[in-house]
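Residues per chain, in single letters:
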Amino acid sequence: MSMPGTQDIIDNLLRGVMISAVNRAVFERKAVFSMGTVNQGVRLGGASLAYDNLVRPLAKQVLPALPLPNGK
């Protein structure tokens, strides 16, 4: 497992803020330029970063070792 670089962290956080802004504008009908958007975006970006660096590599190691239900 490799450590995320600065660019990966920034990309995930900005992607989270963009997704949060679209969600607030389209679905919640709230102000896009607010601290709520930034806070939600940082949470989404952090979760994405954690998934990319913790869950995905672990799943790639564990899932191939599991037997398939059809016996193959």
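Description of the structure in this document.

Running from N to C, helix α1 (residues 6–28) and helix α2 (residues 35–62) point in directions that differ by 130°, and their axes come no closer than 7 Å. In terms of orientation, α1 lies oblique with respect to α2. Here α1 and α2 pass one another in a crossing that is right-handed. Class assignment of the residues belonging to the contact of α1 with α2 gives a composition of nine nonpolar, eleven polar and five charged.

This next bit is on unusual backbone geometry. In this structure, R29 takes a positive phi of about 55° despite not being glycine. Along the chain, R29 turns up in the loop between α1 and α2. The class for R29 is exposed, based on a relative accessible area of 70%.

Here the focus is α1. For α1, with 23 residues, the first-to-last C-alpha span of 31 Å sits near the 33 Å given by 1.5 Å per residue. Those residues of α1 that fall on the buried side of the exposure criterion are N12, G16, S20, A21 and R24. The inward-facing, buried residues of α1 abut α2. Where α1 ends, the next residue or the one after it, R29, has phi of about 55°, a positive value.

What counts as what
- Residues numbered from 1 in each chain as written.
- Predicted model: local features only at pLDDT ≥ 70, side-chain atom pairs only at ≥ 80, totals over all residues.
- Heavy atoms only, no water.
- Axes fitted to C-alpha atoms, helices over the stretch in contact; angles between N-to-C directions.
- Helix = DSSP H or I, 4+ residues; strand = E, 2+ residues; numbered from the N terminus.
- Parallel < 35°, antiparallel > 145°, perpendicular 65-115°, else oblique.
- Left-handed = near helix turned anticlockwise from the far one by under 90°.
- Nonpolar A, V, L, I, M, F, W, Y, C, P; charged D, E, K, R; others polar.
- Buried < 20%, exposed > 50% of the residue type's maximum accessible area, 1.4 Å probe, protein only.
- Expected span 1.5 Å × (residues − 1).
- Contact = heavy atoms within 4.5 Å.

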